[in-house]
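For reference, the chains in residue letters:
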Amino acid sequence: MNIGILALQGAVSEHISSIEKNEINAIKVRTPADLQNISGLIMPGGESTTLRNLLKNSGLWKAISQSSLPIMGTCAGAILIGKCQDETFGKIDMIIDRNYYGRQKDSFEKNIRMENNKIFKGVFIRAPAITSIGNKTKPIAWADDDIVGCIEGKNMALTFHPELTNDLTFHKLWLERLK
Ligand code: GLN
């Protein structure tokens, strides 16, 4: 199995290393042709407006919109696969608010709780917040009472950066869904 990492901007190398630590081949995705031989795509954090422009200029926006390739979106990637006031792929039925935590809390770490009560160290960088989810969308991670991760089918959105910790839990969770 090959996993593609969208390599236009943002936290690319960290996701590549998280995938390779699972002994899975990681491929950098920069053009529509790069989508051919992958079983899933990671859309990393960065800046969603910049990412959108780069995706459109490369032809990837159209190709991804038309494909049903499973996507794991983290931070800016989560914004792009959810729904917000800006144009997105809307692959997951959830409303996501950009830069939700404002300037004072630009970046922070906070414990994330999973369904089995497992604790994961969440790294939030100018993070968005998931403010509502549709009834087919399943929440999978919380910080206090806020949903910070959810899944719909084979698409997963996380408002934090799992690739910046050594814990592979969320990458593994998504990879399991692709099998
Ligand atoms: N604030 C960024 C945006 O709105 C996301 C930040 C991130 O990906 N770390 O696109």
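Scroll up to find the structure this text is about.
Owing to the predicted nature of the structure, the values given are computational and were not obtained by experimental measurement.

A. Main features of the side chain of Thr-159. The topology assignment puts Thr-159 in the loop between strand S11 (155–158) and helix H5 (169–178). The exposure class assigned to Thr-159 is buried, which follows from its relative accessible area of 0%. Discounting residues that sit within four places of it in the chain, Thr-159 has contacts with Cys-75, Ile-96, Phe-124, Ala-127, Pro-128, Ala-129, Ile-130 and Val-148.

B. Region of the structure containing the site of the ligand. By nearness alone, every residue bordering the ligand is listed as Gly-45, Gly-46, Glu-47, Ser-48, Cys-75, Ala-76, Ile-79, Arg-98, Asn-99, Ile-125, Arg-126 and His-161. Taking Ser-48, its main chain carries an N or O atom lying 2.7 Å from an oxygen atom of the ligand. Separating a nitrogen atom of the ligand from a side-chain N or O atom of His-161 is a distance of 2.9 Å. Summarising the interface, the protein chains cover 98% of the accessible area of the ligand, which totals 300 Å² for the free molecule. Within the shell around the ligand, the residues separate by chemical class into four nonpolar, five polar and three charged.

C. Local environment of the sheet that holds strand S10 (residues 146–152). Within the open sheet, the nine strands sit side by side as S2-S1-S3-S4-S11-S10-S9-S6-S7. Their pairing is mixed. Edge positions in the open sheet fall to strand S2 (25–29) and strand S7 (119–125), since each of these has one partner strand only. Going from strand to strand, the sheet's axes swing by 25° on average, the running direction of each strand aside. Bridge count for S10 against S11 is four bridges, and the pairing is antiparallel. In the strand pairing of S11, Cys-150 is matched with Ala-157. Along the sheet, helix H1 (residues 12–20) makes contact with strand S1 (2–6), S2, strand S3 (40–43) and strand S4 (71–74), crossing S1 at roughly 165°. Those strands touched by H5 are S1, S3, S4, strand S6 (107–114), S7, strand S9 (138–143), S10 and S11, and its axis lies near 150° from that of S3.

Scoring rules and cut-offs
- Residues numbered from 1 in each chain as written.
- Predicted model: local features only at pLDDT ≥ 70, side-chain atom pairs only at ≥ 80, totals over all residues.
- Heavy atoms only, no water.
- Helix = DSSP H or I, 4+ residues; strand = E, 2+ residues; numbered from the N terminus.
- Buried < 20%, exposed > 50% of the residue type's maximum accessible area, 1.4 Å probe, protein only.
- Contact = heavy atoms within 4.5 Å.
- Near = heavy atom within 4 Å.
- Polar contact = N/O pair within 3.5 Å; in protein donor to acceptor, adjacent residues only side chain to side chain.
- Areas by Shrake-Rupley, 256 points an atom, 1.4 Å probe, with all protein chains shown as cover.
- Nonpolar A, V, L, I, M, F, W, Y, C, P; charged D, E, K, R; others polar.
- Pairing = 2+ DSSP bridges.
- Axes fitted to C-alpha atoms, helices over the stretch in contact; angles between N-to-C directions.

This is a description of form; function is not addressed.
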